[in-house]
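A structural walkthrough
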Amino acid sequence: MLTDDFYVVAIAALLPLTAMMLVTQTNPYHALVIRGILGAVAALVYALFGAADVALTEALVGTMLSIT
């Protein structure tokens, strides 16, 4: 049972790690890349939990629009 949900826990643990990397970044170009990664990880977490509409919105607006 624990091994079945391990990948969900591992992906969800990437959210605060990526957010801390984004907050502590001083180079704005690196911050843009990390923001894109943060949006992609958040969209993946939303999709894993069954919120496909929120995942699509995060992927389109949070990742693509913010780094464009």
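As a reminder, the structure under discussion sits directly above these lines.
The structure contained in this document is the topic of the report that follows. Computed from a prediction, not measured in an experiment: that's the story for all the values here. (Residues numbered from 1 in each chain as written. Predicted model: local features only at pLDDT ≥ 70, side-chain atom pairs only at ≥ 80, totals over all residues. Heavy atoms only, no water.)

**Quick notes on the overall build of the protein**
Operational definition: What counts as a helix is a DSSP run of H or I of at least four residues, what counts as a strand is a run of E of at least two, and both are numbered from the N terminus. A simple rule labels every residue: compare its accessible area, found with a 1.4 Å probe on the protein chains alone, to the largest value its type can have, and call it buried under 20%, exposed over 50%, or partly exposed in between. Contacts were defined at the residue level, with two residues in contact if any of their heavy atoms lie within 4.5 Å. All accessible-area figures derive from a Shrake-Rupley calculation using a 1.4 Å probe, and residue coverage is judged against the displayed protein chains alone.
Summing up its helical and strand segments, the protein has 3 helices and 0 strands in all. Along the chain direction, N to C, the helices and strands of the protein fall in the order α-α-α. If one aligns the C-alpha atoms of the protein with their principal axes, the spans along those axes are about 40 × 25 × 10 Å. Every one of the 68 residues in the protein was classed for burial, and the buried ones make up 24%. A fraction of 45% describes how many contacts in the protein between residues 6 or more apart in sequence connect residues 24 or more apart. When the accessible surface of the protein is totalled, it reaches about 4800 Å², and 76% of it is carbon and sulfur.

**Description of the environment of Leu38**
Within the secondary structure layout, Leu38 lies in helix α2 (residues 28–48). Residue class for Leu38 comes out buried when judged on its relative accessible area of 16%. A sequence separation of 31 residues divides Leu38 from Tyr7, and the C-alpha atoms of the two residues are 17 Å apart. Residue contacts for Leu38: discarding those within four places in its chain leaves Leu15, Thr18, Ala19 and Leu22.

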